Amino acid sequence: MAHSDTIDQIAERVDHLLLRHEELQRTNALLAQQVQALSAERDQLKSRLAAARARVDALIERLPTSAPASPEASA
């Protein structure tokens, strides 16, 4: 009977490991989806940042350059 008990214990452990493996696979799939979503969001934010920088650079280019101060203006 001791042999049968050992086999039962091993079978129980294997069942537990299989369940745990399935849980980890589901968790891994969910994490992979989150990584994909966050990567897409990051790429979108980087694109928006680049567009905003381009707009700011264009506005800076339109600013008038400061004229050198004339000696008459300070007198």
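Residues numbered from 1 in each chain as written. Predicted model: local features only at pLDDT ≥ 70, side-chain atom pairs only at ≥ 80, totals over all residues. Heavy atoms only, no water.

In terms of regular secondary structure, the chain is built from two helices and zero strands. Going through the 75 residues of the chain one by one, you find that 0% of them count as buried. Per element, the accessible surface of the chain, about 7,400 Å² overall, is 59% carbon and sulfur. (Helix = DSSP H or I, 4+ residues; strand = E, 2+ residues; numbered from the N terminus. Buried < 20%, exposed > 50% of the residue type's maximum accessible area, 1.4 Å probe, protein only. Areas by Shrake-Rupley, 256 points an atom, 1.4 Å probe, with all protein chains shown as cover.)

A word on a nonpolar patch on the surface. Together, I10, V14 and L18 give the surface a local cluster of nonpolar side chains, amounting to about 260 Å² of exposed area. For I10, the position within the fold is in helix 1 (residues 2–62). (Patch = residues over 30% accessible without salt bridge, like charges linked within 9 Å, V, L, I, M, F, W, Y side chains within 5 Å. Salt bridge = Lys/Arg side-chain N within 4 Å of Asp/Glu carboxyl O.)

Turning our attention to the pattern of salt bridges. Counted by the stated rule, this structure contains two salt bridges. Across the salt bridge formed by R20 and E23, the nearest N and O atoms sit 3.2 Å from each other. A residue pair is termed a helical-turn pair when its members lie 3 or 4 positions apart in one helix, as R20 and E23 do in helix 1 at three residues. Among the residues examined, R20 registers a relative accessible area of 41% and is labelled partly exposed. In this structure, the salt-bridge partner of R42 is D43, at a minimum N-O distance of 2.9 Å. Here D43 falls in the partly exposed class, since its relative accessible area comes to 41%.

This part is about a negative patch on the surface. Taken together, D5, D8, E12 and D15 make up a surface patch of like negative charges. By secondary structure assignment, the location of D5 is in helix 1. (Lys, Arg positive; Asp, Glu negative; His and termini not counted. Charge placed at Lys NZ, Arg CZ, Asp CG, Glu CD.)

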